[in-house]
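Here is how the chains run, residue by residue.
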Amino acid sequence: MQFYVQSALHYQVSGPSTALCSLKCVKTPGQQVLDERLSTSRDTYRSDMSLGMEENRFTLLETSASGPLSIFYEATAATSHQIVPIAEINNQDVHTLEPAVLPYLFPSRYAPADRMRAIANDLFGHLTGHLDQAHAVEDWLHQHVAYAPGASEEQSSALDTFENRSGVCRDFAHLGIALCRSLSIPARYVTVYAFQLQPQDFHAVFEVYVGGTWYLIDGTRIAPLNGMIRIAQGRDAADAAVATLFGNISGNGLEVSTLIGKDETEPFQPLTRADLNQAGNALSLG
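Residues numbered from 1 in each chain as written. Predicted model: local features only at pLDDT ≥ 70, side-chain atom pairs only at ≥ 80, totals over all residues. Heavy atoms only, no water.

*Asks:* Which residues make up the side chain of Glu 264, and what are the values?
*Replies:* Along the chain, the position of Glu 264 falls in the loop between strand S13 (243-260) and helix H6 (273-279). Within the buried set, Glu 264 has no salt-bridge partner at all; the shortest N-O distance to an opposite charge, 12 Å, is to Lys 262. There is a polar contact of 2.7 Å between the side chain of Glu 264 and the backbone nitrogen of Gln 2. Engagement of the side chain of Glu 264 in a polar contact is seen with the backbone nitrogen of Glu 266, the distance being 3.0 Å. In this structure Glu 264 touches Met 1 and Gln 2, once residues within four positions along its chain are discounted. (Helix = DSSP H or I, 4+ residues; strand = E, 2+ residues; numbered from the N terminus. Buried < 20%, exposed > 50% of the residue type's maximum accessible area, 1.4 Å probe, protein only. Lys, Arg positive; Asp, Glu negative; His and termini not counted. Salt bridge = Lys/Arg side-chain N within 4 Å of Asp/Glu carboxyl O. Polar contact = N/O pair within 3.5 Å; in protein donor to acceptor, adjacent residues only side chain to side chain. Contact = heavy atoms within 4.5 Å.)

Below, the structure written as structure tokens:
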């Protein structure tokens, strides 16, 4: 499926500043970036790079001139997904995991899994299948955590969200990741552009690694699972933040838009967790 995405980040600069931005759609075997353009409202020093375990695509922008600064990105990306019958998915013991997957079992800044083992075992330890546990985590998030913009802050961790029972998409993702890692299920944080998300914004979900494949999980359930365009992924939001700021710069708003690509000829058929559950399937995002 082809999608056309646009995003803009707006800032006010009062002195020497650096912004490290992750706006670009990542290139994977299941996601092609057909065309893209990143620009700024005025001249800055710019360096494009790949960083982290997953080689996310970052752009570093540096400026010393005071005043407003906006960063614009647009792209057309072709995405794919795989539907897998849950009955065909097997657990994988930790000692058989690929080395690249093992870091996604470790506690991280926003997902302190080591402090949540008793909670995870109490809620989900009676379930035996790793994907069954992950889907039960998603159900629990949807049923017990309120989606409430403004209920959390940048420093909020999975423990904060568990205690407060409210947050935004990144909080849902961090809590889900911490609970899954506590159950010995590798889990990673993913930022996406999301088709049919209302209001339009950047979105955060997570993936669990079961039987050799990463499966998509979204406790918020506010966008179709097959309408997500991958931007970046990592242990938590510290690895995949849309923007990290250094120096004399402050945020002044953003805009995001995700549309069907102009050359797409097939109608979009949204897939939700309810659809997948009814068919006994799981979804792996390209």
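From this point, the discussion proceeds with the structure in view.
*Asks:* Could you give me a rundown of the sheet that holds strand S11 (residues 213-217), with the residues and numbers involved?
*Replies:* Within the open sheet, the four strands sit side by side as S11-S10-S9-S12. Their pairing is antiparallel. The outermost strands of the open sheet, each flanked by one partner alone, are S11 and strand S12 (228-234). In this sheet, neighbouring strand axes are inclined to one another by 40 degrees on average, regardless of whether the strands run parallel or antiparallel. Pairing analysis gives five bridges linking strand S10 (residues 202-210) to S11, with the strands arranged antiparallel. Residue pairing in the sheet places Val 208 in a bridge with Tyr 215 of S11. On the sheet, helix H2 (residues 130-144) packs against S10 and S11 and is oriented at approximately 155 degrees with respect to S10. Most of the contacts of helix H4 (residues 169-182) go to S10, to which it runs at about 15 degrees, and overall it touches strand S9 (187-194) and S10. (Pairing = 2+ DSSP bridges. Axes fitted to C-alpha atoms, helices over the stretch in contact; angles between N-to-C directions.)

*Asks:* Account for H2, naming residues and giving values.
*Replies:* Taking 1.5 Å per residue as the helical rise, H2 with its 15 residues ought to reach 21 Å, and the 21 Å between its terminal C-alpha atoms agrees with that figure. Taken as a whole, H2 has its buried residues at His 130, Leu 131, Gln 133, Ala 134, His 135, Ala 136, Val 137, Glu 138, Trp 140 and Leu 141. (Expected span 1.5 Å × (residues − 1).)

*Asks:* Mind laying out the packing of aromatic side chains, listing which residues take part and the relevant values?
*Replies:* Each pair of aromatic rings is reported with the distance of its centres and the angle of its planes. The full count for this structure, using the stated rule, is eight aromatic pairs. Seen from their ring centres, Phe 195 and Phe 268 are 5.0 Å apart, and the 85 degrees between their planes marks the pair as edge-to-face. Taken together, the residues Phe 195 in the loop between S9 and S10 and Phe 268 in the loop between S13 and H6 connect sequence positions 73 residues apart. Of the two residues, Phe 195 and Phe 268, both sit in the buried class. Chaining the aromatic ring pairs together yields one cluster made of Phe 3, Phe 195 and Phe 268. For Arg 170, the ring lying beneath its charged end belongs to Tyr 110, and the centroid distance is 4.7 Å. Residue placement shows Arg 188 over the ring face of Trp 214; its charged tip is 4.1 Å from the ring centre. (Phe/Tyr/Trp six-rings, centres within 6.5 Å; stacked < 30°, edge-to-face > 60°. Lys NZ or Arg CZ within 6 Å of the ring centre and 35° of its normal.)

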